[in-house]
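# Working through the structure, step by step
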Amino acid sequence: MHLQKEGVYTAAAYLRLSRDDGDIDGSIKSESDSISSQRELVCSYIKKQNDMQLYDIYIDDGYSGTNFDRPQFKRMMADIEAGDVNCVVVKDLSRFGRDYIEAGRLIQKAFPAYHVRFIAVTDNFDSLTADYNTRSLVLPVKNFINDSYCRDISCKVKSHQKIKREQGKFIGAFAMYGYCKTAEDKNKLCPDGYAADIVRKIFSWKLEGMSALAIAQKLNGLGVLSPMEYKKAHGEKFSTGFYTNASAKWSAVAVKRILTNEIYTGTMVQGKKEQVNYKVKKMVEKPKEEWVRVEGTHKAIVPKEDFELVQALLAVDTRAKAGSKCAHLFSGKLFCADCKEAMVRRVNRCKGASKVYFICPTRNKGQGCTRHSILEDGLKEAVFQTLQAQLHVFLNMSRQMEYIQGMEVDFEEIFRLEKEVERLNREQEKYQELRAGLYEDKQTGLITEEDFKNFGAIFCKQQEAAKASFEKQEAMVKQLFCNGILSGMELERMKGEIELEGLDRDALLSFIAKVEVYEGKRIYVEFWAREEFSEFL
């Protein structure tokens, strides 16, 4: 502890620099030159004063001036309250803080209450010698200007981030589990081989009927590192509010967070939260319609069809029964046709035999409706026969051939278009060479600066026109090819499905949206692709 001499101020040198005081991209700094500059200036000032001695230096490097929730500032205030410090010296008022209301309260009310002298060196402010005009006019105006500067920086940062989001650029500090930032561009994502495979497994297990908790337990049992531990293992300084244990494990919440993240389909989704304002760091959730979604920004880990199926399953109760890791075959797909509630599975055991059936939960709770009871085996057979009948109709060869023939590849048209594509490509290269040659001609004095600009603009315009035509012709070639080839591939895939020997979870999820059970064991099967099926009926 420093011994205070009588008549001598024990001074605290307070230094601060935030990321906002540098480039607006928020690049992380080590102890900056500005901090070093502040230390040199403030300590030199204190050393030159006959009535002042340095008590301690308090440095908040990387902390915003919009509020006073800073560790070193709090330590300084504790020393002031303890009576160890009675003078605060800063380089200027902006280093002290940019919240003009709170800064004014501290300087004009709190510090005088503790008999603390306040000095801002380069602003020529000293509370000991400041007159009424300086206290009541100059000081508030300077604090207001500092506050306005901070608001302006905040607006610029938000605008910069908004533009990047709309361009589909990733602006997060850390890539989500399953992805990593590319080496060439920190705003672009690419799949992280190992973690991406775990994400695929999580979606696959969910489609098989496993609950989020069962998936988490399986991952922990296999020794798979949780997203947080995985990032730490790869040297990333990652922290999260979800951290609870010394070694974070997979949880049902973590699994569900992955299952509901659309970014795994190749769609960039950002802007889900926003800061209350530039002074309050608290984040609030934004309505889903205000999120920024840009499709095709990165390689998908999970097909969109699988993602949508999982969302449909998560919307209903698909928990597995006690002692089982997977839910039953119809989990999340079977509903009462009258009250629309999800049917409940029951097992009736009698004299060594057991029957599995489904009933309406509303009736079971005594809240009206009827039992709508139906045996599981009979339901499975009825749904399978309905699926097969629908697929057979879709694959009726006489009707399908007319459709396929109408979309066959016109090879003569493709040959003609490819020739045009080659010509346009050569034209692009010609104008590129002409533009490159202009610079050499200007350097050697063959053309003037004005000619260089005029010819450059002409060649650039011609090259852009050739490029646009090239891309249009190339798209036409691809479309002609895809129309015939892909339709044939789809037909083969559908043929494979019709060869199923029985109803399984994959077929159920792929083709059927839901099954409704009426009283009297009648069922209604709703298919995902009703519009597509109807086109061929």
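Residues numbered from 1 in each chain as written. Predicted model: local features only at pLDDT ≥ 70, side-chain atom pairs only at ≥ 80, totals over all residues. Heavy atoms only, no water.

### Considering the sheet that holds strand S17 (residues 523-527)
The three strands lie next to each other as S12-S16-S17, forming an open sheet whose pairing is mixed. Edge positions in the sheet fall to strand S12 (334-336) and S17, since each of these pairs with one other strand and no more. Strand-to-strand twist in this sheet, taken as the mean axis angle between neighbours without regard to direction, amounts to 25°. (Pairing = 2+ DSSP bridges. Helix = DSSP H or I, 4+ residues; strand = E, 2+ residues; numbered from the N terminus. Axes fitted to C-alpha atoms, helices over the stretch in contact; angles between N-to-C directions.)

### Digging into the sheet that holds strand S2 (residues 52-61)
Here we have five strands laid out as an open sheet, ordered S2-S1-S3-S4-S5, and mixed in their pairing. Two strands bound the open sheet, and with one partner strand each, they are S2 and strand S5 (125-126). Here strand S1 (residues 9-17) runs beside S2; their pairing, made up of nine bridges, is parallel. Bridge pairing in S2 places Ala11 opposite Leu54.

### As for helix H7 (residues 212-221)
An α-helical turn contains 3.6 residues, so a residue and the one three or four places further along point in the same direction. Burial in H7 covers these residues: Ala212, Ala214, Ile215, Ala216 and Leu219. Along its buried surface, H7 packs onto helix H6 (193-207) and helix H9 (252-259). (Buried < 20%, exposed > 50% of the residue type's maximum accessible area, 1.4 Å probe, protein only. Contact = heavy atoms within 4.5 Å.)

### Structural notes on unusual backbone geometry
Positioned with a positive phi, Asn124 is a non-glycine residue whose angle comes to about 55°. One non-glycine residue, Lys521, lies in the positive phi region at around 65°. Look at Lys521 and you get exposed, because its relative accessible area is 55%.

### Looking at the packing of aromatic side chains
For the coordinates displayed, the defined rule picks out 15 aromatic pairs. Between Tyr177 and Trp250, the aromatic rings sit 5.5 Å apart at their centres with planes inclined by 80°, giving edge-to-face as the arrangement. In this pair, Tyr177 is assigned in the loop between helix H5 (132-166) and strand S6 (179-181) and Trp250 in the loop between helix H8 (227-233) and H9, connecting sequence segments 73 residues apart. Each member of the pair, Tyr177 as well as Trp250, is classed as buried. When the centroid spacing of 6.1 Å and the interplanar angle of 85° are considered together, the rings of Phe330 and Phe358 count as edge-to-face. In this pair, Phe330 sits in the loop between helix H10 (304-314) and S12 while Phe358 sits in strand S14 (residues 353-359), placing the two residues 28 residues apart along the sequence. Phe358 carries the same exposure label as Phe330, and that label is buried. One aromatic cluster is present, built from ring pairs that chain together Tyr14, Phe68, Phe73, Phe96, Phe111, Phe118 and Phe125. Here Arg117 stacks its cationic end above the ring of Tyr9, 5.0 Å away from the centre of that ring. The positively charged end of Arg522 is found above the aromatic ring belonging to Tyr518, 4.7 Å away from the centroid. (Phe/Tyr/Trp six-rings, centres within 6.5 Å; stacked < 30°, edge-to-face > 60°. Lys NZ or Arg CZ within 6 Å of the ring centre and 35° of its normal.)

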